[in-house]
Amino acid sequence: MATDQKYIDYIIDQINHPAGISYKKMFGEYGLYAGIRIFALVCDNRLLIKPTEAGQAFIGKPNLAPPFPGAKSYFLIQEELDDHEWVSGLVKVTVNELPDPKPKKLKKKI
């Protein structure tokens, strides 16, 4: 089951972050970004946030689930998504712990 655009719009509306929240379609699902850092995947209408130590401390005992079979587990956010302040706080501590993406190498033209 693919993710509905309405669900993506709802997630974006729920999260407040100083760097701004955006999304990109990836492999038929979505990646969520705060500025340039990808912090979550949305797969099958499920919000899955990258696991970090700060996120673990914020959540306490998180529910874990893989975004797709064979993938490592992420924090599965369900009812908590309805709490704007809670989910925004989780995103903030998660993004603060994530490294900046590595610069892309330029392809040589032949």
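Residues numbered from 1 in each chain as written. Predicted model: local features only at pLDDT ≥ 70, side-chain atom pairs only at ≥ 80, totals over all residues. Heavy atoms only, no water.

A.B. asks: Can you help me understand the overall build of the protein in this one?
C.D. replies: Along the backbone of the protein there are three helices and six strands. Along its sequence from the N terminus, the protein presents helices and strands in the succession α-β-β-β-β-α-β-β-α. Projected onto the principal axes, the alpha-carbon positions of the protein cover approximately 50 × 30 × 30 Å. Within the protein, buried positions represent 37% of all 110 residues. Residue pairs at least 24 apart in sequence account for 51% of intrachain contacts in the protein once pairs closer than 6 positions are excluded. For the protein, the computed accessible surface area is about 7,300 Å², with 56% contributed by carbon and sulfur atoms. Taking the 15 positively charged and 13 negatively charged side chains of the protein as two groups, their mean positions are separated by 16 Å. (Helix = DSSP H or I, 4+ residues; strand = E, 2+ residues; numbered from the N terminus. Buried < 20%, exposed > 50% of the residue type's maximum accessible area, 1.4 Å probe, protein only. Contact = heavy atoms within 4.5 Å. Areas by Shrake-Rupley, 256 points an atom, 1.4 Å probe, with all protein chains shown as cover. Lys, Arg positive; Asp, Glu negative; His and termini not counted. Charge placed at Lys NZ, Arg CZ, Asp CG, Glu CD.)

A.B. asks: Just checking my understanding: could you explain the side chain of T52 for this structure?
C.D. replies: In this fold, T52 is placed in the loop between β4 (46–49) and α2 (53–59). Excluding residues within four positions of it along the chain, T52 makes contact with F75, T94, E97 and L98.

A.B. asks: What am I meant to see in the sheet that holds β4 here?
C.D. replies: By way of backbone hydrogen bonds, the strands of a sheet pair with one another, either parallel or antiparallel. Strand order across the open sheet formed by six strands is β1-β2-β3-β4-β6-β5, with antiparallel pairing between neighbours. Because the sheet does not close on itself, it has two edges, and the strands there are β1 (21–26) and β5 (64–65). In the sheet, β5 pairs with strand β6 (residues 74–77) via two bridges, with the strands oriented antiparallel. Across the sheet, the residue bridging to A65 is Y74, located in β6. Helix α3 (residues 84–97) rests against β1, β2 (29–34), β3 (37–43), β4 and β6 of the sheet, and its axis sits at about 130° to β3. (Pairing = 2+ DSSP bridges. Axes fitted to C-alpha atoms, helices over the stretch in contact; angles between N-to-C directions.)

A.B. asks: Mind showing me how you'd approach the pairing of β3 here?
C.D. replies: Sheet faces and side chains relate simply in a regular strand, where the side chains alternate between the two faces. Of all seven residues in β3, five are buried; the element is thus mostly enclosed. Of the strand pairs in this sheet, β2 and β3 are connected by five bridges, and their pairing is antiparallel. Bridge assignment links L32 to a residue of β3, and that residue is A40. The turn joining β2 and β3, which pair antiparallel and follow one another in sequence, is formed by two residues; a positive phi near 65° is taken by G35. The hairpin turn running from β3 into β4, its antiparallel successor, is two residues long, and D44 in that turn takes a positive phi close to 50°.

A.B. asks: Sorry, what's going on with the environment of N16 here?
C.D. replies: Along the chain, N16 turns up in the loop between α1 (5–14) and β1. Under the relative-accessibility criterion, N16 is labelled exposed at 53%. Sequence separation of N16 and V91 is 75 residues, and the distance between their C-alpha atoms is 8.5 Å. When near neighbours in sequence (up to four residues on either side) are disregarded, N16 contacts H84 and S88.

A.B. asks: Could you clarify how one ought to interpret the packing of aromatic side chains in this entry?
C.D. replies: Two aromatic rings are characterised by how far apart their centres lie and by the angle between their planes. In total, this model carries two aromatic pairs according to the counting rule given. Ring centres 5.6 Å apart and planes at 75° place the aromatic pair Y23 and Y30 in the edge-to-face group. Measuring from centroid to centroid gives 5.4 Å for F58 and W86, while their planes differ by 55°, and the two rings are tilted. In this pair, F58 sits in helix α2 while W86 sits in helix α3, placing the two residues 28 residues apart along the sequence. A relative accessible area of 33% places F58 in the partly exposed class. For K24, the ring lying beneath its charged end belongs to Y33, and the centroid distance is 5.0 Å. (Phe/Tyr/Trp six-rings, centres within 6.5 Å; stacked < 30°, edge-to-face > 60°. Lys NZ or Arg CZ within 6 Å of the ring centre and 35° of its normal.)

Don't take any of this as a statement about function, it's just geometry.
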